[in-house]
Amino acid sequence: MTTPQARVLIIAGSDSGGGAGIQADIKAVTMLGGFATTAITAITVQNTLGVSGVWPVPINAVTDQMKAVLADIGADTVKTGMLGTAPLVEAVAETLSEHAPGLARVIDPVMVATSGHRLVDEKAVGAIRAELVPRARLVTPNAPEAEVLTGKAVETLDGQRRAADRLLELGAHGVLVKGGHIPGARIHDVLQTTTGEWIFEAPRIETRATHGTGCTLASAIAALLAQGVSLPEAVERGREYLFGAIQNAKGFGKGHGPVHHGWLLDKDD
């Protein structure tokens, strides 16, 4: 078996505000010891107040980026984010199957920005369900995304567990249904795999620094998996990193602000 080298290929959109998307992904992967490469799927015009424009990258340009990276640098895991259309989802899935068939995939089914702006169309949701959920090492939906993917209500811990069950039935090898959107003083994240279940719990942090939290967590987990860390440990350590980034947010912007990806560096000062 090849020794993991911590390489993470990120296939996602760009966030001009720096808090989510490719920018958050690169920061999280780097902070957790990984090497980030990218295939940019879209350029978004956004800040902490919302998304005011989305410019898709041509599909051939996305897949050519993937092929160039895989042919030379290689990857240990791939992490997907914003994939706005069904043809793009299908092209990404086909390219991965052809050029990296055994690569562990962390699928973050990005559907709606923190500001509420919808980032994918209905056909893309079906394509994610059919083309990317099966064989994924981990799928990381929040509660609303899990509802869309499974058709099941996700309003309680039991709802999270049912949605995770359904995504495993669809062929995922692991599912992390996040509970940040579910009201309550404590947040529960449910990890299910084909071999077990883990429930992670933490107090809710009252903050407006929530932009890019999903991207950050998925990329942190991908970086750890790329170093040979087990999935439950990667989720636990990824959550710890994210909570530190939220707690140490700098307060940038007037809306949903970014987390502080570099907070671990502050500890060394």
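Refer to the preceding data block for the structure.
For clarity, every value in this text was computed on a predicted model and none was experimentally measured.

Enquirer: Please give an account of the pairing of strand S4 (residues 77–80) that cites residues and values.
Expert: In S4, alternate side chains face the same way, and those of Thr 77 and Lys 79 on one face and Val 78 and Thr 80 on the other are all buried. In terms of strand pairing, strand S1 (residues 7–15) meets S4 through four bridges, oriented parallel. Paired with Ile 11 across the two strands is Thr 80, which belongs to S4. Pairing of S4 with strand S5 (residues 104–107), which is carried by four bridges, proceeds in the parallel orientation. Bridge assignment links Thr 77 to a residue of S5, and that residue is Ala 104.

Enquirer: Pulling in residues and values, what's your account of the packing of helix H1 (residues 21–31) against helix H7 (residues 213–225)?
Expert: Between H1 and H7, the least distance of the axes is 8 Å, while the angle of their chain directions is 40 degrees. By the angle between their axes, H1 is oblique relative to H7. Note on packing geometry: the crossing formed by H1 with H7 is right-handed. Of H7, the residues touching H1 (which contributes Gly 21, Ala 24, Asp 25, Ala 28 and Val 29) are Cys 215, Thr 216, Ser 219, Ala 220 and Ala 223. Partitioned by chemical class, the residues of the contact of H1 with H7 number six nonpolar, three polar and one charged.

Enquirer: I'd like a rundown of the pairing of strand S9 (residues 197–203), residues and numbers included.
Expert: Side chains on a regular strand alternate between the two faces of the sheet. Pairing of strand S8 (residues 186–193) with S9 involves seven bridges; the strand directions are antiparallel. Residue pairing across strands places His 188 opposite Glu 201, the latter belonging to S9. Where S8 folds back onto S9 in an antiparallel hairpin, the turn is made up of three residues.

Enquirer: Account for helix H3 (residues 86–99), naming residues and giving values.
Expert: Its 14 residues place the ends of H3 20 Å apart at the C-alpha level, agreeing with the 20 Å of an ideal helix rising 1.5 Å per residue. Looking at the buried positions of H3, the neighbouring elements they touch are S1, strand S2 (35–47), helix H2 (59–72), S4, S5 and helix H4 (122–132).

Enquirer: I'd love a proper account of the side chain of Asn 142, names of residues and values included.
Expert: Along the chain, Asn 142 falls in the loop between strand S6 (138–139) and helix H5 (143–150). A distance of 2.9 Å separates a polar atom in the side chain of Asn 142 from the backbone nitrogen of Glu 145. Contact partners of Asn 142, with chain neighbours within four places excluded, come to Lys 178 and His 181.

Enquirer: How would you explain the nonpolar core if you had to name every residue and give the values?
Expert: The nonpolar side chains of soluble globular proteins are, as a tendency, buried together. Formed by 42 residues in total, the largest nonpolar core has its most connected members in Leu 9, Ile 11, Val 62, Met 66 and Val 92. Elements supplying a minimum of two residues to this core: S1, H2, H3, H4, H5, helix H6 (157–169) and strand S7 (174–177). When residues of this core are assigned to their parent elements, the largest contribution, six residues, is made by H3. Among all residues touching Val 92, those that are not within four sequence positions of it are Ile 11, Val 62, Met 66 and Leu 83.

Enquirer: Got a sec to walk through a nonpolar patch on the surface? Specific residues and values, please.
Expert: Nonpolar side chains collect at one region of the surface, where Ile 43, Val 45 and Trp 55 lie side by side and expose about 320 Å² of accessible area between them. Its location among the elements puts Ile 43 in strand S2. Owing to a relative accessible area of 47%, Ile 43 belongs among the partly exposed residues under this scheme.

Cut-offs used in this document
Residues numbered from 1 in each chain as written. Predicted model: local features only at pLDDT ≥ 70, side-chain atom pairs only at ≥ 80, totals over all residues. Heavy atoms only, no water. Buried < 20%, exposed > 50% of the residue type's maximum accessible area, 1.4 Å probe, protein only. Helix = DSSP H or I, 4+ residues; strand = E, 2+ residues; numbered from the N terminus. Pairing = 2+ DSSP bridges. Axes fitted to C-alpha atoms, helices over the stretch in contact; angles between N-to-C directions. Parallel < 35°, antiparallel > 145°, perpendicular 65-115°, else oblique. Left-handed = near helix turned anticlockwise from the far one by under 90°. Contact = heavy atoms within 4.5 Å. Nonpolar A, V, L, I, M, F, W, Y, C, P; charged D, E, K, R; others polar. Expected span 1.5 Å × (residues − 1). Polar contact = N/O pair within 3.5 Å; in protein donor to acceptor, adjacent residues only side chain to side chain. Core = buried A, V, L, I, M, F, W, Y, C linked by side-chain atoms within 4.5 Å. Patch = residues over 30% accessible without salt bridge, like charges linked within 9 Å, V, L, I, M, F, W, Y side chains within 5 Å. Areas by Shrake-Rupley, 256 points an atom, 1.4 Å probe, with all protein chains shown as cover. Salt bridge = Lys/Arg side-chain N within 4 Å of Asp/Glu carboxyl O.

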